[in-house]
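# Observations on the three-dimensional arrangement
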Amino acid sequence: DVLFLAACDTLDGADRFLDSAKAVIVMADSIDDEAASKFSERFYRSLAGGATIDASMTQARLLLEHEAIPDSDLPTLLVSKEDFRKLKLV
């Protein structure tokens, strides 16, 4: 029920996917390959560890900030209902 659009600049129009997915993760603009890779790795590791979608997003963004990698603000979480931010996928 979570859609991850890892391509660059996928924010515009992504809300249309909220009809079929509880949450959609998009990039607000073009993102550097290293940033996208590190973000995805940390995001999925957090989810696999039992963190919520929202917590996994936060951890992945903080990793980018900690490593001084630009673009930490580009990954964006869209949800069809606010309580979906607290979903655990594992």
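Everything discussed here concerns the structure shown above.
Residues numbered from 1 in each chain as written. Predicted model: local features only at pLDDT ≥ 70, side-chain atom pairs only at ≥ 80, totals over all residues. Heavy atoms only, no water.

## Overview of the side chain of Ser46
By the element assignment, Ser46 lies in helix H1 (residues 33-48). Using a relative accessible area of 5% as the deciding quantity, one classes Ser46 as buried. Beyond its immediate stretch of four places on either side in the chain, Ser46 contacts Ala51, Ser56 and Gln59. (Helix = DSSP H or I, 4+ residues; strand = E, 2+ residues; numbered from the N terminus. Buried < 20%, exposed > 50% of the residue type's maximum accessible area, 1.4 Å probe, protein only. Contact = heavy atoms within 4.5 Å.)

## Re helix H2 (residues 53-66)
With 14 residues, H2 ought to run about 20 Å at 1.5 Å a step, and its terminal C-alpha atoms sit 20 Å apart, in line with that. Turning to H2, its buried residues are Ile53, Ser56, Met57, Ala60 and Leu64. The buried side chains of H2 occupy one side of the element, clustering within an arc of 105° when seen end-on. Summarising the contacts, the buried residues of H2 are in contact with strand E1 (2-4), strand E2 (23-27), H1 and strand E3 (75-79). One or two positions beyond H2, positive phi appears at Ala68, with a value near 55°. (Expected span 1.5 Å × (residues − 1). Arc of directions from axis to C-beta.)

## Describing the sheet that holds E2
Across a sheet, strands are paired by hydrogen bonds formed along the backbone, either parallel or antiparallel in direction. Spatial strand order, E1-E2-E3: 3 strands in an open sheet with mixed pairing. Looking at strand neighbours, the two that pair on one side only are E1 and E3, the edges of this open sheet. Within this sheet the neighbouring strands show an average axis-to-axis angle of 20°, counted without direction. The pairing of E1 with E2 spans 3 bridges and is classified as parallel. In the strand pairing of E2, Phe4 is matched with Ile25. The sheet strands contacting H2 are E1, E2 and E3, and the helix crosses E3 at an angle near 170°. (Pairing = 2+ DSSP bridges. Axes fitted to C-alpha atoms, helices over the stretch in contact; angles between N-to-C directions.)

## So, the packing of H1 against H2
Packed helix pairs are specified by the crossing angle of their axes together with the interaxial distance, meaning the distance between the axes. H2 packs onto H1 with a crossing angle of 140° between their chain directions and a minimal axis gap of 8 Å. The handedness of the crossing between H1 and H2 comes out as right-handed. Between H1 and H2, the residues in contact are Ala35, Lys38, Phe39, Arg42, Phe43, Ser46 and Leu47 and Ile53, Ser56, Met57, Gln59, Ala60, Arg61, Leu63 and Leu64, respectively. (Left-handed = near helix turned anticlockwise from the far one by under 90°.)

## Notes on the pattern of salt bridges
Per the stated rule, a full pass over the model turns up 5 salt bridges. Between Lys38 and Glu67 there is a salt bridge, and its shortest N-O distance comes to 3.0 Å. Of the two residues, Lys38 is situated in helix H1 and Glu67 in the loop between H2 and E3; the sequence distance between them amounts to 29 residues. Accessibility expressed as a relative area gives 25% for Lys38, which makes it partly exposed. Across the salt bridge formed by Arg85 and Glu82, the nearest N and O atoms sit 2.8 Å from each other. Within the structure, one salt-bridge network assembled from shared partners comprises Asp54, Glu82, Arg85 and Lys86. (Salt bridge = Lys/Arg side-chain N within 4 Å of Asp/Glu carboxyl O.)

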